[in-house]
Amino acid sequence: MKIDRRSFLSFAIGGAAGIHLSPLPWKLMDDVSIWSQNWPWTPVPEDGEVSYVNSTCTLCPGGCGISVRKIDDRAVKIEGMKDHPVNDGGLCILGLSGLQLLYGPTRVKTPLKRKGKRGAGKWEKISWDKAISEIVQKLSKLRSKGESHTVGCILGSDRGTVPQLFHRFLSAYGSPNLMHTPSIQDSYELTFNLMHGIQTMVGFDIENTGFVLSFGSGIIEGWGSPVRMFKVNSKWRDAATKVVQIEPRLSNTAAKSTKWFPINPGTETTLALGLIHVIIKESLYNRDFVDNYSTGFNNLKKFVLSAYSPDKVANVTGVDINTIVSLARDFARAKKPLAICGRGKGVTPGSMSEFMAVHALNALVGNINREGGVWAVPEPDYIDWPEVEMDSIATKGIQKERIDGAGGKKYPFSKHLLNQFPEIINSGKGYPLQALFVSGANPLYSMPDTKSVKDAFDKILFVVSFSSFMDETSENADLILPNHAYLERYEDVPLAVGLQKPVVGLTRPVVEPLFNTKHVGDVVIRMAKALGGNIADSFPWDSYESCLEETMEDMWDTMVEDGFWSDPDFTAPAWESAFDTSSGKFEFTSNGIKSFTRLDQVKIEGDVSSYPLTLIPYDSMRLACGFIGDPPFVIKTVEDTVLKGKDLFIEINPKTAKANGLYEGKYAILSTPIGKAKVKIHLFDGIMPGIVAIPRGLGHTAYDKYLADKGINFNELIGPVEDPVSGLDAAWGIRAKLAKI
Amino acid sequence: MKSRQQKTKRYGMVIDLDKCTGCGACMVACMAENNVPFKEDESDKLDSITWMRVYKLTNGKSFPKTDLCYLPRPCMHCEGDHGHPPCVSVCPAVATDYSRETGIVSQIYTRCFGCRYCMVACPYHARYFNWWDPVWPDGMEKYLSPNVSPRMRGVVEKCSFCFHRYQLAMDRAYYEGKRELEEDEYQTACTQACPAGAIIFGDLNNTGHDVNKLKKSPNAFRLLERLGTNPKVYYTSSREWVRRAGDNYLKKESK
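Residues numbered from 1 in each chain as written. Chains lettered and ligands numbered in written order. Predicted model: local features only at pLDDT ≥ 70, side-chain atom pairs only at ≥ 80, totals over all residues.

**Q** Residues and numbers for the overall build of chain B, please.
**A** On a plain count of helices and strands, chain B comes out with seven helices and eight strands. In terms of C-alpha radius of gyration, chain B reaches 19 Å, essentially the compact-globule figure of 18 Å for 255 residues. Taken along the three principal axes of its C-alpha coordinates, chain B extends 55 × 50 × 35 Å. Here chain B holds 255 residues, and 45% of them are scored as buried. (Helix = DSSP H or I, 4+ residues; strand = E, 2+ residues; numbered from the N terminus. Rg over C-alpha atoms; globule rule 2.2 N^0.38 Å. Buried ≥ 20, exposed ≤ 12 C-beta atoms within 10 Å, placed from the backbone.)

Structure follows, in structure tokens:
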């Protein structure tokens, strides 16, 4: 048979059609998919004995109790601890996903030493002995040259045994340069320092408040201890407590409040002083407190009556004049009113003028140390170690001026000024820093003007990170000495931020350490012992665990048993004994800052003509912006109007967008005096015209593929603005412009 | 000898939208409890598996009259007409079924062959298809819970009201010689985690349970109620625009 073109084609086409009409391909496809579906790459989790371990979460300063479910030796789920004084069973989104950090790909598994250039990501694994001896060598050399003060340390907090071990180490070694990540807690502490004359922490008896006036605080966006604030917010609903939120953007807090008053951003101090004006003018203040327990009232009166009349304040703030008057009356006449401040989650310390004005509001209505008011909560005092052994080098070293200028001539009241440190290093004004330890902090991500922070780090000869995770700071370190993750170690958590009762939580190992990591406390003790002399003598403990147990003394058993220690009967001191100023009274005009004229609005960077818009950040519970980045579960919950692929959306009012020729979903270039970024437009009616907002917590360059390179880091677009009183960062935004692409 | 006959339960939820803060804790508690996988990019919400998803609603008014509200959406566990929810009616494999004992709509992954009829039938977008096999980064498989089997590619999954927790609670109850569960003995992971206490879970039939009382609030509504799906998840909101957002109303209509 001859095969011609025609018969070939009919055979081929007919055959193909025939096969497709037969059940064969469909059956095969079905079989292949069922067969491949059963390939063993879908894991079958092993079953085992169930147990629970109570511990304390350290992913933020909230201090929540956690209860971790285990199957044999695996941790499988983190839940909130029932009956815990902070969170009573609830837990936030970040705390719930902690196991993704513990078992995740961003863990640093062994000590690493940099190979090649800084930040190139090339590492060499080294042993603990070698790593520690390398540091000790460097430190001994510096010390023998009399340059012990050129060693610095950046921590997440300055309270608790681990920060205090670092403090002790630096003191005995001879350096004053212990710094910590700033927040509104620093501003509140300074406010108490200036107006009460005491060193204390702030607590809010917010559960018993009758009227809440919030100057932009993200009550349900992570301000204070988040889970506690959620619970309080629900309690207010049930009790029909009035909540007034003042901020330029409809945040979740604003949406949940009884009343939201938009305000021109950055004019909150003016509004607070305007409210004070009305309260004083109409004699609505608490006479008992003002007459018997305060000084400086007449100065305050003169000051606000002359310059802060409601019409002037209305002009500046954009808040209606009648609103100002009625708000002041409602606040002063309410039972147990409370005013709070610190924008969003409170990661930027803010301006002292705002904190002092808001505190004066609280004082005027007499809610200091009263039910439902602001309380002075004593700092934890359980750390009672013997005096540090000092030699001549140490004594000389710690007397040197601090690298960040805190406590110096310009800023005598501040204890830490981390925000000043990049500028001082970059400008070469201070002495050069030769070695830096970083623990519990991620300054290369979380400090404003990231680029200048990076430049400053580049000038530091030797950077050591103690992070458990490969974050931005670790990536740019010379040596990483990984700490155990928080679910693998002991540590005391000395406070829950904003709580009115002293609570000390215990973080304890839920699982055995997974990798070749070491407790940072043990490393500090080992370094001290290796350095010898007075430094070794200052550290009489064998290990961190024994140090902790010894330190906690009789609290230890309670902490081990319950997971925390608390003093539920604590009440703040009565007005008679609450103030330790020179007058023994509450000072409306602090002697420290002399006059109210320094209570001015904070000017932000950039001029209106070239940057017609104002850029402000916003906070969200779904975006962690502290030293920990979002784990995969959390980034998964971020809405597609905030992040799409790797693109970040900015929020802008439809009117402003239209005026600039911008539309939903279109790309634009957002520029500020500090930086530039390509963004997408999201129209949001809830934001004041003329303002654009971007979220904090995105734009990581480190961590895993689930987080890295998504969105933009707000800190790349903003620089710090110095507060004239505290020297802390008071920037609430920056001028900006948007250009179409 | 106690009667083997049990009272029919209708487990359901009442979610207080005035209290919900949109924090997302319910979503993550659910993912952690139920071994829900994740991918590198989860910003395409059509293929992002979230048994519990929190939607953001706005009232559409311009500044400064704008208002917003968050709405958590689990599976509604619709009762339909006498136990015939829309998804169950269309499933050719009996992979999903309505339990007359608990009122929970089940999903049996090994029966599902991925035709996705149920996804089309569900008016709440509560069902998700596994387009890919789940992949956990090296080491992360350690946190997987043995109570819920990880799903393979090609099957549909959805919220189960943490049915494994019901089973565990029932096992414990039988062991203790009880036939009935107390309200707090069976709670879903999202209810347990919600820091605002906005989600209340229980047996809608049981007059002793909070949900029974709360669903009768004048502010209570259900989503797309007029479709006749008869959902067992109720919402309450004091704001009228939120209640109206729960269904498609004509402008003139009042609710």
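**Q** Explain the overall build of chain A residue by residue, including any values.
**A** Assigned secondary structure in chain A consists of 26 helices and 28 strands. For chain A, buried positions account for 59% of its 741 residues. Put simply, of all contacts in chain A between residues at least 6 apart along the chain, 74% involve residues at least 24 apart. (Contact = placed C-beta atoms within 7 Å.)

**Q** Residue-level account of helix H10 (residues 268-281) of chain A, with values.
**A** Residues and elements named next belong to chain A. Taking 1.5 Å of rise per residue, 14 residues should cover 20 Å, and H10 covers 20 Å from first to last C-alpha, within 8% of that figure. Across the 14 residues that make up H10, a large majority, 13, are buried. Looking one or two residues past H10, Ser 283 carries a phi angle of roughly 50°, positive in sign. (Expected span 1.5 Å × (residues − 1).)

**Q** Run through the sheet that holds strand E9 (residues 211-217) of chain A, naming residues and quoting values.
**A** All names here are of chain A. Here we have four strands laid out as an open sheet, ordered E11-E10-E9-E13, and parallel in their pairing. A strand with exactly one partner marks an edge of an open sheet, and here the two such strands are strand E11 (259-261) and strand E13 (337-344). Ignoring which end each strand starts from, the neighbouring axes of this sheet average 20° apart. Bridge analysis of E9 against E13 gives six bridges, and the strand direction is parallel. Directly across from Phe 211, in E13, lies its bridge partner Pro 337. (Pairing = 2+ DSSP bridges. Axes fitted to C-alpha atoms, helices over the stretch in contact; angles between N-to-C directions.)

**Q** Account for the pairing of strand E3 (residues 74-80) of chain A, with residues named and values stated.
**A** Residue and element names in this part refer to chain A. Of all the seven residues making up E3, six are buried; the element is thus mostly covered by neighbouring parts of the structure. Pairing of strand E2 (residues 65-71) with E3 involves six bridges; the strand directions are antiparallel. Each residue of the ladder has a partner; that of Arg 69, found in E3, is Lys 77. In this antiparallel pair of consecutive strands, E2 and E3, the connection spans two residues, and Asp 72 shows a positive phi of 50°.

**Q** Explain the sheet that holds strand E18 (residues 491-493) of chain A to me, and be specific about the residues and the numbers.
**A** All names here are of chain A. Read from one edge to the other, the open sheet built from three strands follows the order E18-E19-E20, with strand pairing classed as antiparallel. Edge strands, defined here as strands with exactly one partner in the open sheet, are E18 and strand E20 (564-566). Adjacent strand axes in the sheet meet at a mean angle of 15° when their direction is disregarded. In the sheet, strand E19 (residues 503-507) pairs with E20 via three bridges, with the strands oriented antiparallel. Counterpart to Val 503 in the pairing with E20 is Ser 566.

**Q** Before we move on, could you go through the environment of Pro482(A) and cite the residues and values that matter?
**A** All names here are of chain A. Looking at the secondary structure, you find Pro 482 in the loop between strand E17 (479-480) and E18. Linking Pro 482 and Gly 222, residues 260 residues apart in sequence, is a C-alpha distance of 28 Å. Setting aside anything within four residues of it in sequence, one finds Pro 482 in contact with Val 108, Pro 111, Ser 467, Ser 468 and Thr 517.

**Q** I'd like a rundown of unusual backbone geometry, residues and numbers included.
**A** Negative phi characterises most residues that are not glycine, and trans characterises most peptide bonds. The linkage connecting Phe63(B) with the following residue, Pro64(B), adopts the cis geometry, with an omega of 0°. Tracing the backbone shows Pro64(B) in the loop between strand E2 (53-58) and strand E3 (68-73). The backbone of Asp709(A) sits at a positive phi, close to 65°, despite the residue not being glycine.

**Q** I'd like a rundown of helix H23 (residues 544-552) of chain A, residues and numbers included.
**A** Residue and element names in this part refer to chain A. When H23 is considered as a whole, its buried residues turn out to be Tyr 544, Cys 547, Leu 548 and Met 552. Buried residues of H23, viewed axially, fall in a sector of 120°; they line one side. For H23, the elements touching its buried residues are helix H6 (161-173), E18, helix H21 (520-531) and helix H24 (555-562). Looking one or two residues beyond H23, the residue adopting positive phi is Glu 553, at roughly 45°. (Arc of directions from axis to C-beta.)

**Q** Requested: an account of the interface of chain B and chain A, with residues and values cited.
**A** Put simply, an interface is often sized by how much accessible area is lost when its parts join up. Across the boundary between the two partners, chain B contributes 52 residues, which contact 59 residues of chain A. Broken down by secondary-structure element, the contributors of at least two residues to the side of chain B that touches chain A are helix H1 (25-33), E2, E3 and helix H5 (189-193) of chain B. Broken down by element, the side of chain B that touches chain A gets its largest block of residues, seven residues, from H1(B). Residue composition of the side of chain B that touches chain A, by class: 24 nonpolar, 13 polar and 15 charged. (Nonpolar A, V, L, I, M, F, W, Y, C, P; charged D, E, K, R; others polar.)

**Q** Go over the domain arrangement of chain A with me, naming the residues and quoting the values.
**A** Domains assigned within chain A are domain 1 (5-37), domain 2 (130-184 + 394-482 + 517-561), domain 3 (201-377) and domain 4 (613-740). Each of domain 1 of chain A and domain 4 of chain A has a C-alpha centre, and the two are 54 Å apart. (Domains from an automatic or database assignment.)

**Q** So what's going on with the packing of H10(A) against helix H13 (residues 310-317) of chain A? Which residues, and what values?
**A** All names here are of chain A. Contact geometry of H10 with H13 gives a least axis separation of 9 Å together with a crossing angle of 165°. The pairing of H10 with H13 is recorded here as roughly antiparallel in orientation. With respect to the hand of their crossing, H10 and H13 are arranged in left-handed fashion. Contact with H10, carried on its side by Thr 270, Leu 271, Gly 274, His 277 and Val 278, involves Pro 310, Val 313, Val 316 and Thr 317 of H13 and no other residues of that element. Each residue belonging to the contact of H10 with H13 can be placed in one class, and the counts come to five nonpolar, four polar and no charged. (Parallel < 35°, antiparallel > 145°, perpendicular 65-115°, else oblique. Left-handed = near helix turned anticlockwise from the far one by under 90°.)

**Q** I'd like a rundown of the environment of Arg228(A), residues and numbers included.
**A** Residue and element names in this part refer to chain A. Along the polypeptide, Arg 228 turns up in helix H8 (residues 226-239). Look at Arg 228 and you get buried, because 26 C-beta atoms sit within 10 Å. For the pair Arg 228 and Leu 91, spaced 137 residues apart in sequence, the C-alpha separation works out to 9.2 Å. Once residues within four sequence positions are removed from consideration, Arg 228 is found in contact with Val 86, Asn 87 and Leu 499.

**Q** Which residues make up the pairing of strand E15 (residues 435-439) of chain A, and what values go with them?
**A** Residues and elements named next belong to chain A. Burial within E15 is extensive, with five of its five residues counted as buried. The side-chain alternation of E15 yields two buried faces, one formed by Ala 435, Phe 437 and Ser 439 and the other by Leu 436 and Val 438. With five bridges joining them, strand E6 (residues 151-155) and E15 adopt parallel strand pairing. By the bridge assignment, Ile 154 is partnered in E15 with Val 438.

**Q** With reference to specific residues and values, describe the environment of Lys215(B).
**A** All names here are of chain B. Residue position: Lys 215 is located in the loop between helix H6 (210-214) and strand E7 (220-221). Counting along the chain gives 112 residues from Lys 215 to Gly 103, while the straight-line C-alpha distance between them is 16 Å. If we ignore the near neighbours within four places in the chain, the residues touching Lys 215 are Val 14, Leu 204, Ala 220 and Tyr 234.

**Q** Explain the nonpolar core to me, and be specific about the residues and the numbers.
**A** Counting residues in each nonpolar core, the largest one holds 299 residues, and the members touching the most others are Leu275(A), Ala25(B) and Cys26(B). For Cys26(B), the residues in contact, after removing those within four places along its chain, are Met52(B), Val54(B), Pro72(B), Cys190(B), Ala193(B), Cys194(B) and Ile199(B). (Core = buried A, V, L, I, M, F, W, Y, C linked by C-beta atoms within 7 Å.)

**Q** Residues and numbers for the packing of H13(A) against helix H14 (residues 321-333) of chain A, please.
**A** Residue and element names in this part refer to chain A. At their nearest, the axes of H13 and H14 sit 8 Å apart, and the two run at 115° to each other. At the point where H13 passes H14, the crossing takes the right-handed sense. Along the contact surface, H13 presents Pro 310, Asp 311, Val 313 and Ala 314, while H14 presents Ile 321, Ile 324 and Val 325. By residue class, the composition of the contact of H13 with H14 is six nonpolar, no polar and one charged.

**Q** Let's hear about the confidence of the model for chain B: which residues, and what values?
**A** For chain B, mean pLDDT is 93; residues scoring 70 or higher make up 97% of the total. For chain B, per-element mean pLDDT is lowest for helix H7 (residues 240-245) of chain B, which scores 94, and highest for strand E8 (residues 233-236) of chain B, which scores 98. (pLDDT = per-residue confidence, 0-100.)

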